[in-house]
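Letter by letter, the chains look like this.
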Amino acid sequence: MKFATKAIHAGVEPDPTTGAIMTPIYQTSTYVQESPGKHKGYEYARTQNPTRTVLQNNLAAIENGKHGICYSSGLGATDAILKLFKPGDEIIASSDLYGGTYRIMAKVFQDFGLKFKFIGLEDPAVLEAALTPRTKMVWLETPTNPMLRIVDIEAIAAITRARNILLTVDNTFASPYLQNPLDLGADIVMHSVTKYLGGHSDTVMGAIVLNDDEIARQLTFIQNACGAVPGPQDCFLVLRGIKTLHLRMQRHSENALKIARFLSEHPKVSQVNYPGLETHPQHELARRQMRDFGGMVSFTLHGDSLPEAVKVMESFQVFSLGESLGGVESLCTHPASMTHASIPKEEREKNGLKDTLIRLSVGVEDADDLIEDLRQAIG
Ligand code: P1T
C-alpha cells in the first residue's frame, strides 16, 4: 500500500458496535470485567486504550515498522528510550539537536549514571573515532534542529549495526512522509508527534516506532510502568491530523523552497539553511535520503546584530513568534532564547548556532503572502 492510502486507512477499522468510520474517543479510565481477569483485552486506560491502539498501529504502518508506542510528549518518548539503559552505558548524540533533548540527557539522565557525548555526526568517520566498548546507542536528528544539517542514516547504521549498538533517529523534522529511518537501517524512530504528525498546533504527544519485539516489549512496559501516556482525545486529533500528512508535507516543502530561494537572494541575508537549496552542503545526500526537503528553514542577517534580528521577529504579520513547529500556520522561533536556551551558549556556538539565528516553520498558507511578510519584516 502506498503512503497516502496507509495514512488514511492503516490500523483504522469502522467501530465494531456502530460502524462509525471515525475511531471513537474512548474517554474512559477503566473497563468492566465479567469476572476477575476475564475482560475484552482492556483493563485500565494507562495500560491500554482503543483510540491509542488504533493510532499506534497507524503510526507503525506509516513508518514501515512493526510496533508503534505513544507517549504524552516527544520528551516522554525520549525518556522511555533512555530508560532502556543502565548506569555506565554511553550514548553518543548529534551535537545539533533540540534543546530539550540535550537537557534530558545532560541534566537528567547524566545524574542517573548514563554518559553522553555530543558530537557532529555529518562525517561518519567522527563517530567511529568516538565509539568505546561502553557505547550502547547513537541518537541523531536529521534534518537537525535548528541548523538543518543532514546526517547519512545508512552510513551511521552501517557502523552501529556492525557493533551491536542501537541507532535511534528523531524523525520529527522530516515526518514519515519524507523519510523512513527504519528502511535505512535505524533500529528506533522517535517523533515529537506535537509537530507535523499532529499538524494543527493543538496536541502535545510523542511516539516510537520499531521492529524489534523485545525492545518493543520493554518500551511498552515503560509506557505503562512510568505512565507517560497520551489521552484518548489527543490520540483522536493525531489520527485526524495524519489523514492529511502527505498533503500538508507537499505544501510545506513547496512553500519552504520558495522562501529559502527568496531569502538566499535577499541582500540583507547572510546565510540560509535549507536542505532543498542546491547550495546546501549536503543537498545531494538529502535528495537521496528524503522524498522532499520539508518545511523548516533557518537564516541569519549580515552583521549578526541581535537587535536587528529581534526587530525582524517582532515585525511579522503572518508568521507568529513562538516555540514549536509543524503546524499549518507559519511560526518563527528564536532558538537561542527559546527552543535551545537550555544548551550552554559555548556549546551552541561550537555547533554554529548563533544568537542571531532565526528559525522558520513554514506553514501551508499562500507562499506569496509569506514572502511578502518576510519582505516587509526584513525591510
Ligand atoms: O515538545 P515535545 O513533544 O516533547 O518534543 C520534543 C522534541 C523532540 N525532538 C525534536 C526534533 C523537537 O523539535 C522537539 C520539540 N521541539 C520544539 C518545541 C521546537 O520548537 O523545536
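Visitor: How should unusual backbone geometry be read in this particular structure?
Guide: Keep in mind that most residues, glycine aside, have a negative phi and that most peptide bonds are trans. Between Thr142 and Pro143 the backbone carries a cis peptide bond, its omega angle lying at -10°. Structurally, Pro143 is set in the loop between β4 (135-141) and α6 (153-162). At the junction of Asn145 and Pro146, the peptide bond is cis and its omega measures out at 10° in the coordinates. Its location among the elements puts Pro146 in the loop between β4 and α6. Unusually for a residue other than glycine, Asn164 sits at a positive phi of about 60°.

Visitor: Looking at this structure, I do not really get the domain arrangement of the protein chain. What am I missing?
Guide: Accessible area lost when the parts come together is the quantity often used to give the size of an interface. Here the protein chain is described as being made up of domain 1 (3-242) and domain 2 (245-378). The C-alpha centroid of domain 2 is placed 25 Å from the C-alpha centroid of domain 1. Tallying the contact residues gives 46 residues for domain 1 and 43 residues for domain 2. Summed over both partners, the interface of domain 1 with domain 2 buries about 3600 Å², with 58% contributed by carbon and sulfur atoms. Inspection of the region where domain 1 meets domain 2 yields one salt bridge.

Visitor: Sorry if this is basic, but what is going on with the nonpolar core here?
Guide: Within soluble globular proteins, side chains that are nonpolar tend to cluster in buried spots. In this structure, Leu55, Leu59, Ile259, Leu263, Phe299, Leu360 and Leu374 are the most contacted members of the largest nonpolar core, which totals 61 residues. Sorting elements by how many residues they give to this core places helix α9 (residues 245-265) first, with seven residues. Residue-level mapping places this core at the junction of two domains, with at least three residues from each of domain 1 (3-242) and domain 2 (245-378). With near-sequence residues (within four places) excluded, Leu360 lies in contact with Ile259, Leu263, Gly295, Met296, Val297, Phe299, Phe316, Phe319, Leu331, Cys332 and Leu374.

Visitor: Looking at this model, I keep getting lost on the site of the ligand. Mind explaining?
Guide: With respect to spatial proximity, 18 residues lie near the ligand, and among them Asp170, Thr194, Lys195, Ser324 and Arg359 are the closest. In this structure, Gly74 approaches the ligand through a main-chain N or O atom, which is 2.9 Å from an oxygen atom. With respect to the ligand, the backbone of Leu75 contributes an N or O atom lying 2.9 Å from an oxygen atom. Burial of the ligand by the protein amounts to 93% of the accessible area it has alone, namely 480 Å². Looking at the shell around the ligand, the elements that each hand over two or more residues are α3 (74-82) and β6 (188-192). For the shell around the ligand, the domains that each give at least three residues are domain 1 (3-242) and domain 2 (245-378).

Visitor: Is there a simple way to explain the packing of aromatic side chains in this structure?
Guide: The geometry of two aromatic rings is summed up by the distance between their centres and the angle between their planes. By the definition in use, this model includes seven aromatic pairs. When the centroid spacing of 5.2 Å and the interplanar angle of 65° are considered together, the rings of Phe3 and Tyr177 count as edge-to-face. In this pair, Phe3 sits in helix α1 (residues 3-9) while Tyr177 sits in the loop between β5 (166-170) and β6, placing the two residues 174 residues apart along the sequence. The burial state of Phe3 is the same as that of Tyr177; both residues are buried. Geometrically, the ring pair formed by Tyr274 and Phe293 is edge-to-face, given 6.5 Å between the ring centres and 70° between the ring planes. With Tyr274 in the loop between β8 (269-273) and α10 (283-289) and Phe293 in the loop between α10 and β9 (296-301), the pair connects residues that are 19 residues apart, well separated along the chain. An aromatic cluster of at least three residues, connected via ring pairs, comprises Tyr102, Phe116 and Phe118.

Conventions adopted
- Residues numbered from 1 in each chain as written.
- Predicted model: local features only at pLDDT ≥ 70, side-chain atom pairs only at ≥ 80, totals over all residues.
- Heavy atoms only, no water.
- Helix = DSSP H or I, 4+ residues; strand = E, 2+ residues; numbered from the N terminus.
- Domains from an automatic or database assignment.
- Contact = heavy atoms within 4.5 Å.
- Buried area = accessible area lost by both parts, 1.4 Å probe.
- Salt bridge = Lys/Arg side-chain N within 4 Å of Asp/Glu carboxyl O.
- Core = buried A, V, L, I, M, F, W, Y, C linked by side-chain atoms within 4.5 Å.
- Buried < 20%, exposed > 50% of the residue type's maximum accessible area, 1.4 Å probe, protein only.
- Near = heavy atom within 4 Å.
- Polar contact = N/O pair within 3.5 Å; in protein donor to acceptor, adjacent residues only side chain to side chain.
- Areas by Shrake-Rupley, 256 points an atom, 1.4 Å probe, with all protein chains shown as cover.
- Phe/Tyr/Trp six-rings, centres within 6.5 Å; stacked < 30°, edge-to-face > 60°.

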